[in-house]
Amino acid sequence: MSAPISVKQRLQISRQAMPEQAADERNHNFGEVNLGFTEQLALLEADRCLRCRDPRCINGCPVAVNIPRFIDLLSAGDVAGAAHSLLGDNTLPAVTGRVCPQETQCEAECVRGAKGLPVAIGYLERFVADWARQHADQLPVAKPAPTGKKVAIVGSGPAGLTAAGDLARLGHDVTVFEALHKPGGVLLYGIPEFRLPKQIVDQEVERLKQAGVKIECNVIVGRTYTLPELRAQFDAVFIANGAGLPVFMNVPGENLKGVYSANEYLTRVNLMAAYEFPKADTPVLVGRRVAVVGGGNVAMDSVRTAKRMGAERAFIVYRRGKEELPARLEEVHHAESEGVEFELLTAPVEVLGNAQKWVTGLRCVRMALGEPDASGRRRPVPVAGSEFVIECDQVIVAIGTRANPLLTATCPDLKLNRHGNIEVDERGMTSVPGVFAGGDIVRGAATVILAMGDGKRAAQTIHEYLMPAMTKPVNGEGAAASLCAAVAGDRVHSL
Amino acid sequence: MHTILAKTQLSPNVTRLEVAAPRIAQIRQPGQFVIVHRCAGAERIPLTVADADPAAGSITLVIQAVGKSTRDLVAMEPGEAIQDVAGPLGRPTELITSGHALCVGGGVGTAVVHPIAQGLHRNGARVTSIIGGRSKEWVIFENELRRFGEVVVCTDDGSYGRRGFVTDAAREALAAGGIDVVYAVGPVPMMRAVAELTRPLHVHTIVSLNPVMVDGTGMCGGCRVEVGGETRFACVDGPEFDGHQVDFALLADRLSAYRDFEQKANACAEETCRIGRH
Ligand SMILES: Cc1cc2nc3c(=O)[nH]c(=O)nc-3n(C[C@H](O)[C@H](O)[C@H](O)COP(=O)(O)OP(=O)(O)OC[C@H]3O[C@@H](n4cnc5c(N)ncnc54)[C@H](O)[C@@H]3O)c2cc1C
Ligand code: SF4
Ligand code: FES
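Since the model is a prediction, treat every value here as computed from it, not as a measurement. (Residues numbered from 1 in each chain as written. Chains lettered and ligands numbered in written order. Predicted model: local features only at pLDDT ≥ 70, side-chain atom pairs only at ≥ 80, totals over all residues. Heavy atoms only, no water.)

Some points on the side chain of Gln118 of chain B
Residues and elements named next belong to chain B. We count it as follows: Numbered from the N terminus, helices here are DSSP runs of H or I no shorter than four residues, and strands are runs of E no shorter than two. Pairing of N or O atoms within 3.5 Å defines a polar contact, subject to two protein rules: one partner must be a possible hydrogen donor and the other a possible acceptor, and residues neighboring in sequence count only if both atoms are side-chain atoms. Only heavy atoms matter for contacts: two residues are in contact if any of them lie within 4.5 Å across the pair.
Within the secondary structure, Gln118 sits in helix H3 (residues 109-123). A polar side-chain atom of Gln118 sits 3.3 Å from a polar atom in the side chain of Arg28. Ignoring anything within four residues of it in the chain, the contact list for Gln118 reads Arg28, Asp51 and Phe148.

Following this line, the structure appears as structure tokens:
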């Protein structure tokens, strides 16, 4: 498209900023904050990529997206080619381009980050993925020969959807069972509209259905069907039911009216559209002053949602320091610019209430960082005599989730670790033959892309398990590698 | 989609729906419930499976029209379909297999008592049911419960059966002795009163709690209740608990959290009615 440019010229281009809605406007609406690159910005940013011979960014990506390849195709003006390349590596790029913690993954490895800012890989991924969504007709759907094998997938979050897509592409008959009335998992009920529009999740699900994936909602595995029942009806099962059980703080006053788990608060607002009450039937309590406990993405999503629901003041209460906030950097910046207040090195000790049992405040204690703990982070310890009260009428608890025992309780043969997470071997198989697992149910609450990586790997090993003759496993590693090649070959063929 | 196969008005504000849900009809057990989501934009509401016909593939839901969501549900007609019915959820009732059970049902809670009495009867236990309502027209499930044993009907105004509250009849039945376990389902004050009757007598008492729910699978924690000083999620740990351990005050209090919203929704629905858009 354009004349070849030198490395020196590439180095002179500075990182392009993401266009966004103004902070004082967006904190009153649920529209997406990031507006996406224009084509011009995308091409400019793509030119910043140095086309390294040994691209380190790929190592930083949990699903090894071939980053320079799609960027190069984009630069060459072949957006369709870029989209093919990207979608072959990553089933849900429109999602990951928005929610991946790029600063600790691909962009952390980018050589340009050594001196200056890394290439905005996430923004470019999003640009190409959004193009692909708008031009679905230009992307052929592969029609593989049916293998006659049936696979059940439990849960329709990123792990389940990724596995479903890959298995369908390999010709298997895939049915996804979802407990809620709509597929998408955390992408749907957890991550808010202003960060990940629900239309994107719907479109991705639609794409999978067109590829032959069947989705059955309102099926709670462990209640509607037990795991052994599924195992008997399907040739293999992939469990990807997430880490859905909210953890509470275990402090006095936690059951007062006005205390929500982040799961409940976000589900009411996102899945049930409570922000449209009374147009939607589900209500959500609206806090005037809202304290959100926790420092991860879930906490940032909750606090920014509270602002949008009309909170005059909204606080993050986090027991460690700013450096330790586990949320994506961009979310922290966005929260700050939207007027969220940060009470760092602060831990709640009690929720206070009035005679009618409504929340009136959160009693907290200041913390100091002590010796490093098992995770290598310095352990926060309470500072004696530092108690104080944050006046608030709503408290949202976003301190984590655990494995939900609903499913695992119906299959005692399934080996769990001491936290209740399912144990898997290096192939992703559980202690029950033919039953695989991945995503948050295995890792504990983690990330979208790690869940997708598990889904991708499980699809490959399930394929090997079901079609031993075709995939001829020599040893675990080699088989997976040869299968990757086969999948890639397939893809090239289908283009 | 879950087609409504039949609809009956049981009392001035209680409606019975037979709903197509073949899988749930096959496997549901006493004490279990479903989450019903009428259509996009509707609330997800928990309803006990009051009965089931596995051959016909249908379940019985008994709905007291109190707020907008329940009124919208009972306004549906046979042939129309509910979008989502998920379940069966919750732990099945602990049923005794011999001995004498006293089942106490107040108002729409009588419909929740029905599958329990049915299960007890099937197990070979002796069942006595005490059910009640404001007046004759509010008494439901009397004939169904008679199949499983003796039924004592109480009405507040004495227009049918004996005059008084179900708790009065329960006190007498307990005083007569020989009751091994009590199952009580109804309004919070009723369940609390029954639990207080049986506490000094050390008669095991199971109550069914009805907190606000969203998912019904343990994901949101909105349904939390306190039992024996510990927080439990009613949808997965219950909905039935030891009545002597339940913090009824907290339950009643948490149930009131959305009262303002209910009024707003009701007002808004009436407005729509009057304008005639509906
Ligand atoms: C608010 C929020 C914000 C987040 N933000 C980010 C972010 O910015 N970046 C990032 O990388 N990660 C983020 N995460 C984490 C990320 O969403 C999860 O790690 C990821 O979704 C896990 O995927 P999964 O497929 O394992 O499970 P989930 O997405 O949890 O999906 C599991 C699905 O299984 C269903 N299910 C559960 N039990 C059953 C059952 N018994 N039978 C049938 N179905 C069942 C559930 O309803 C659900 O739909 C966030 C999480 C939350 C809650
Ligand atoms: S999937 Fe995530 S880590 Fe991989 S390239 Fe895309 S943004 Fe980076
Ligand atoms: S209803 Fe959500 S956890 Fe019980």
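Some points on the confidence of the model for chain B
Low-pLDDT portions of the prediction should not be read for the details of their coordinates. Residues and elements named next belong to chain B. Quick note on the threshold: Note: pLDDT gives the predictor's confidence per residue, expressed from 0 to 100.
Averaged over chain B, the pLDDT score is 93; the fraction of residues at 70 or greater is 96%. Contacts for the low-pLDDT stretch residues 273-278, under 50 throughout, to residues beyond four places or in other chains number two contacts. For this predicted complex, the interface score ipTM comes out at 0.93, alongside a pTM of 0.92.

Details of the packing of helix H5 (residues 67-75) of chain A against helix H9 (residues 121-134) of chain A
Residues and elements named next belong to chain A. Heads up, the rule is: Angular values range over 0 to 180 degrees, each being the angle between N-to-C directions of two axes fitted as lines to C-alpha atoms, with helices fitted over their stretch in contact. Should an angle lie under 35 degrees it is considered roughly parallel, over 145 roughly antiparallel, and from 65 to 115 roughly perpendicular; all remaining angles are considered oblique. Crossing handedness: left-handed means the near helix sits turned counterclockwise from the far one by under a right angle, and right-handed means the same turn made clockwise. For this scheme, ten residues count as nonpolar: Ala, Val, Leu, Ile, Met, Phe, Trp, Tyr, Cys and Pro. Four count as charged, namely Asp, Glu, Lys and Arg, and the remainder, Gly too, count as polar.
The contact between H5 and H9 brings their axes to 11 Å, and the two run at 60 degrees. Relative to H9, H5 is oriented oblique. Like other packed secondary-structure pairs, H5 and H9 cross with a definite hand, here left-handed. Residues Ile67, Phe70, Ile71 and Leu74 of H5 pack against Ile121, Leu124, Glu125, Phe127 and Val128 of H9. In terms of residue class, the contact of H5 with H9 is built from eight nonpolar, no polar and one charged.

Some words on the pattern of salt bridges
Pairing between side chains of opposite charge can happen when their charged atoms approach one another. Under the convention used in this document: Take a side-chain nitrogen of Lys or Arg and a carboxyl oxygen of Asp or Glu: if they are within 4 Å of each other, that pair is a salt bridge.
Inspection of the entire model under this criterion finds 48 salt bridges over all chains. When the shortest N-O distance is used, the salt bridge between Glu331 of chain A and Arg328 of chain A registers 2.4 Å.

Focus on the site of ligand 2
Rules: Residue proximity to a molecule or strand is established when one non-hydrogen atom of the residue lies within 4 Å of it.
Taken together, Cys61, Pro62, Ile67, Asn90, Thr96, Cys100, Gln102, Gln105, Cys106, Ile121, Glu125 and Ile449 of chain A make up all the residues around ligand 2. Residues belonging to the shell around ligand 2 are distributed by class as follows: seven nonpolar, four polar and one charged.

Focus: the interface of chain A and chain B
Quick note on the threshold: Buried area adds together the accessible area that both of two parts lose upon being put together, with accessible area traced by a 1.4 Å probe.
The interface is formed by 39 residues belonging to chain A together with 44 residues belonging to chain B. For the pair chain A and chain B, the summed buried area comes to about 3400 Å², and 56% of that belongs to carbon and sulfur atoms. When the shortest N-O distance is used, the salt bridge between Asp253 of chain B and Lys257 of chain A registers 3.3 Å. At the boundary of chain A and chain B, one finds 21 residue pairs in polar contact (both at pLDDT 80 or more). Broken down by secondary-structure element, the contributors of at least two residues to the side of chain A that touches chain B are strand E5 (245-246), strand E6 (259-261) and helix H14 (262-269) of chain A. If you tally residues by element for the side of chain A that touches chain B, the top one is H14 of chain A, at four residues. Considered class by class, the residues forming the side of chain A that touches chain B number 20 nonpolar, eleven polar and eight charged.

Focus: the packing of aromatic side chains
Condition: Here a Phe, Tyr or Trp ring, Trp counted by its six-membered ring, pairs with any other such ring whose centre lies within 6.5 Å, and the pair is stacked when the planes are under 30 degrees apart, edge-to-face when over 60, and tilted otherwise. Burial classes follow relative accessibility: with a 1.4 Å probe on protein chains only, a residue under 20% of its type's maximum area counts as buried, one over 50% as exposed, and anything between as partly exposed.
Within this structure, the stated rule accounts for ten aromatic pairs over all chains. Between Phe248 of chain A and Phe233 of chain B, the aromatic rings sit 6.1 Å apart at their centres with planes inclined by 90 degrees, giving edge-to-face as the arrangement. Of this pair, Phe248 of chain A sits in the loop between E5 and E6 while Phe233 of chain B sits in strand E15 (residues 230-233), placing the two residues on different chains. The exposure classification of Phe248 of chain A matches that of Phe233 of chain B, with both residues buried. Plain terms: the ring middles of Tyr260 of chain A and Tyr265 of chain A are 5.7 Å apart, the flat faces sit at 45 degrees to each other, and that makes the pair tilted. Residue Tyr260 of chain A is classed as buried on the basis of its relative accessible area of 3%.

Section: the site of ligand 1
All names here are of chain A. Surrounding ligand 1, one finds 33 residues, the nearest of these being Val99, Glu178, Arg195, Val221 and Asp440. Taking Glu178, its side chain carries an N or O atom lying 2.5 Å from an oxygen atom of ligand 1. Measuring from an oxygen atom of ligand 1, one finds a backbone N or O atom of Val186 at 3.0 Å. Here the shell around ligand 1 gets three residues from one element, more than from any other, and that element is helix H15 (residues 297-309). Here the residues of the shell around ligand 1 are counted per class, giving 18 nonpolar, ten polar and five charged.

A word on the nonpolar core
Where we set the bar: Among buried residues, those of type Ala, Val, Leu, Ile, Met, Phe, Trp, Tyr and Cys that are joined through side-chain atoms within 4.5 Å constitute a nonpolar core.
Membership of the largest hydrophobic core comes to 72 residues, with the highest contact counts inside it found for Phe70, Leu74, Ile153, Phe238 and Ile462 of chain A. Of all hydrophobic cores here, the second largest spans 57 residues; its members include Val104, Val225, Phe233 and Val246 of chain B.

A closer look at the sheet that holds strand E1 (residues 150-154) of chain A
Residues and elements named next belong to chain A. Put simply, the rule reads: The rule for pairing is simple: two strands pair if DSSP sees at least two bridges between them.
The strand order across the open sheet built from five strands is E3-E2-E1-E4-E16, with neighbouring strands paired in parallel fashion. The sheet is open, and its two edges are formed by strand E3 (214-216) and strand E16 (435-437), each paired on a single side. Sheet twist, expressed as the average angle between the axes of neighbouring strands with direction ignored, equals 20 degrees. Summarising the sheet, strand E2 (residues 173-177) and E3 pair through three bridges and their orientation is parallel. Bridge pairing in E3 places Val176 opposite Ile215. Along the sheet face, helix H10 (residues 158-169) touches E1, E2 and strand E4 (236-239) and points at about 165 degrees away from the line of E1.

Regarding the state of the cysteines
Worth spelling out the cut-off: The disulfide criterion is simple: two cysteine sulfur atoms within 2.5 Å.
Taken as a whole, this structure holds zero disulfides over all chains when the rule is applied. Looking at Cys217 of chain A, it has no disulfide partner, and the nearest cysteine sulfur is the one in Cys39 of chain B, 16 Å off. Look at Cys217 of chain A and you get partly exposed, because its relative accessible area is 22%.

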